[in-house]
Amino acid sequence: MRRSVGLGLLMTLACPLVLAGQGVPAADSLARAASAASAANTVAINFVWTLVAGFLVMFMQAGFAMVETGFTRAKNAAHTITMNFMVYGIAMIAYWAIGFALQAGGVGALGTLGGYDKLAHEVSLTIAGKEWGLFGGTGFFLTGVAYTAPVFAYFLFQMVFMDTAATIPTGALAERWKFSAFVVFSVFVGAVIYPIYANWTWGGGWLAMLGKNLGLGHGHVDFAGSSVVHMTGGVMAFVTAALLGPRRGKYNADGSVNAIPGHNIPMALIGTFILAFGWFGFNAGSTLAGSDLRIGVIATNTMLAGAAGGITWMLYMWLKYGKPDPSMLANGTLAGLVAITAPCAFVTAPSAVLIGGIAGVLVCVAVFFIDGKLHIDDPVGAISVHGVNGLWGILSLGLLADGTYGDGWNGVNGAVRGLFYGDASQFAAQLIGGAANIVGVGVMAFAAYKVTAFVVNGHRVAPEVEELGLDLPEMGALAYPDTHEIGSAVILSETASHGAGHLEPEPEAA
């Protein structure tokens, strides 16, 4: 009896130990499975977030098309909107064939999209034992990565950013640019110009390494593209518009400026709304991670800066000229959005309003300076909106980044801090990034312009084509075939100077 009781007690004591011993592996297995499932879900969320953000940025092309077409004259509307339509396909194919590899061929592991690490060939120089990346070397034609989902998702997202930069010069060169020249130049943008600078900043290139190699903050930091996208487009627009010359009748012999208003302001303002909507994908999507809760901060900062830019431009024009010009309001909003694109993840809400507000005033000053003093004719204000405020955007990051985000950015420990928060070296890195854009992109744009001119026998349409309007001679179709737009052409005085030739047209009958 005692033996039976003893065995019973022994079994009673042993069973929990046995069960516990059996349960430990089971619990570990379940934990590992749960962790793996959670990681897989996180990657899936990041994929969806990145793709949806890319779709939003792609829709911005419609916004650019409406803004640029609305700001130009009716006789050129078909030509202007067709450039905006076709730059999407032309620059994309060039980027697919060559540009993506040059930009991202050495980017390294795509951490938020599953960690694919075969884009690892960065062509670089070794100076004083330090690697300085120049351009990538894998991924041409997306070969070698067939059905590799992370690379394809990353390609789509980066491609629509490139296309945003590619469409900026079409506005600055509108109303006098040959369509054939546009086609060839857009190939250079997608294949070489944009990808090279994007590699320097986002692909592991030398600007990104200024922090690791020289101790300048976290290197050149641009969260979503104030320099990589907008300043690149603005510098290309500046160089090519200066080379192409102004529209006929824009400047008089004494240097005074003739206003040439656009034909459809509502179209331009609706396009601005589309751009502002797409900008949420542009900025917040640049996390490449829907699991990064900073996206809420980024989206709100983006919205605040755009509103501030529109308000300060309105007040500037209202106080200085007595009327709040609608077309100027659009560019003020866009200037605020451009400026916040680099620092959106690194600054507080008051800083975002300050950045956007300064951008709204800055674009006013830049438009009148470039148009009236430099005599560079930019029908849509692209140089001021994207170039000038792209520069302001990266500099504002170097001033106002508050050290609450960006730990490990470009391989540097600690969060990103600007000059006002204790890191003057970050501001220095931002200055170097801006100077590199002006020089590097400027030289590449100049070379591409000259090669294009050789290939298509010049960039500019004939004087009589410009006077008639580019729609029929260049495109073979009118945008508005049933409407006679008396106000669509500028009336030239006998003393007017011209950017191309000296053909004196008969004054239009009113």
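Look up: the structure comes first, before these words.
Note that the structure is predicted; figures quoted are calculated from it, not measured.

Draft legend 1. Examining the nonpolar core more closely. The biggest cluster of nonpolar side chains holds 119 residues, and the ones touching the most others in it are Phe100, Phe161, Tyr194 and Phe346. Residues within four places of Tyr194 in sequence aside, it is in contact with Gln103, Gln158, Phe161, Met162, Ala165, Val189, Trp202, Val228, Val229 and Thr232.

Draft legend 2. Just the environment of Val107, in detail. Locating Val107 in the fold gives a position in the loop between α2 (77–104) and β1 (122–127). Judged by relative accessible area, Val107 falls into the partly exposed class, the value being 22%. For the pair Val107 and Asn199, spaced 92 residues apart in sequence, the C-alpha to C-alpha distance is 8.0 Å. In contact with Val107, other than residues within four places in its own chain, are Leu119, Tyr154, Trp202 and Gly203.

Draft legend 3. Highlighting the side chain of Thr50. Here Thr50 shows up in helix α1 (residues 2–70). Not counting the four nearest positions on each side in its chain, Thr50 is found in contact with Leu113, Ala153, Phe157, Leu288 and Ala289.

Draft legend 4. Representation of the pattern of salt bridges in the model. This structure, assessed with the given rule, holds seven salt bridges. Note that Asp117 and Lys118 form a salt bridge whose closest N and O atoms lie 3.1 Å from each other. Owing to a relative accessible area of 41%, Asp117 belongs among the partly exposed residues under this scheme. Put simply, Glu466 and Arg460 hold a salt bridge, and the shortest N to O gap is 3.0 Å.

Draft legend 5. Looking closely at the packing of aromatic side chains. For the structure shown, the criterion picks out 20 aromatic pairs. Aromatic side chains Phe100 and Phe155 sit 5.3 Å apart centroid to centroid with 80° between the ring planes, which places their arrangement in the edge-to-face category. Taken together, the positions of Phe100 in helix α2 and Phe155 in helix α3 (residues 149–172) put the pair 55 residues apart, joining distant regions of the chain. Of the residues examined, Phe155 reaches a relative accessible area of 12% and is grouped as buried.

Draft legend 6. A look at helix α10 (residues 349–373). In a regular helix each residue adds 1.5 Å, so 25 residues correspond to 36 Å; α10 covers 35 Å between its end C-alpha atoms and thus fits that length. Just downstream of α10 lies His375, where phi reads positive at about 60°.

Draft legend 7. Quick look at the pairing of β1. By the bridge criterion, six bridges tie β1 to strand β2 (residues 130–136) in an arrangement that is antiparallel. If you follow Glu122 over to β2, its bridge partner there is Gly136.

Draft legend 8. View of the packing of helix α4 (residues 179–202) against helix α6 (residues 226–244). Two numbers describe how α4 lies on α6: the axes approach to 10 Å, and their chain directions differ by 135°. In terms of axis orientation, α4 runs oblique to α6. As α4 runs across α6, the sense of the crossing is right-handed. Contacts from Phe185, Val189, Ile193, Tyr194, Tyr197, Ala198, Thr201 and Trp202 in α4 reach Ser227, Val228, Val229, Thr232, Met236 and Thr240 in α6.

Draft legend 9. Representation of the environment of Ala382 within the structure. Along the chain, Ala382 falls in helix α11 (residues 382–400). Taking the C-alpha atoms as reference, Ala382 lies 6.5 Å from Gly171; in sequence the two are 211 residues apart.

Draft legend 10. Representation of the packing of α6 against α11. Following both chains from N to C, one finds α6 and α11 inclined at 140°, their axes separated by 7 Å at the closest point. Taken together, the axes of α6 and α11 are oblique relative to one another. Crossing geometry of α6 relative to α11 is assigned as left-handed. Together, Ser226, Ser227, His230, Met231, Gly234, Ala237, Phe238 and Ala241 of α6 and Ile383, His386, Gly387, Gly390, Leu391, Gly393 and Ile394 of α11 make up the contact between the two elements. Of the residues contributing to the contact of α6 with α11, the split by class is seven nonpolar, eight polar and no charged.

About the cut-offs
- Chains are numbered independently. Their residues run from 1 in the order of the written sequence.
- Selection of residues for local features in this predicted model requires a pLDDT of at least 70, selection of side-chain atom pairs for listing and counting requires 80 or more, and totals for whole chains, interfaces and linings are taken over all residues.
- Hydrogens and water are ignored here; the side-chain numbers use all heavy atoms of the structure.
- By nonpolar core is meant a set of buried Ala, Val, Leu, Ile, Met, Phe, Trp, Tyr and Cys residues that side-chain atoms within 4.5 Å join together.
- Relative accessibility under 20% of the residue-type maximum defines a buried residue, over 50% an exposed one, and the middle range a partly exposed one, all with a 1.4 Å probe and only protein chains included.
- Working rule for contacts: check all heavy atoms of both residues, and any pair within 4.5 Å makes them a contact.
- Secondary structure elements are defined from DSSP: runs of H or I of at least 4 residues count as helices, runs of E of at least 2 residues count as strands, and each element is numbered from the N terminus.
- The term salt bridge refers to a pairing of a side-chain nitrogen on Lys or Arg with a carboxyl oxygen on Asp or Glu at a separation within 4 Å.
- Stacked, tilted and edge-to-face are the three classes assigned to paired rings of Phe, Tyr and Trp, where Trp is represented by its six-membered ring and a pair needs centres within 6.5 Å; plane angles under 30 degrees give stacked, over 60 edge-to-face, the rest tilted.
- For a helix, the expected span equals 1.5 Å multiplied by the residue count minus one.
- Note: two strands are recorded as paired if DSSP finds a minimum of 2 bridges between them.
- To get an axis, fit a line to the C-alpha atoms, keeping to the stretch in contact for a helix; angles then go from 0 to 180 degrees between the N-to-C directions.
- Comment on the angle field: the value is read as roughly parallel under 35 degrees, roughly antiparallel over 145, roughly perpendicular from 65 to 115, and oblique elsewhere.
- Crossing handedness follows the turn of the near helix against the far one: under a right angle anticlockwise gives a left-handed crossing, and clockwise gives a right-handed one.
- Three residue categories are used. Nonpolar comprises Ala, Val, Leu, Ile, Met, Phe, Trp, Tyr, Cys and Pro, charged comprises Asp, Glu, Lys and Arg, and polar comprises the others, including Gly.

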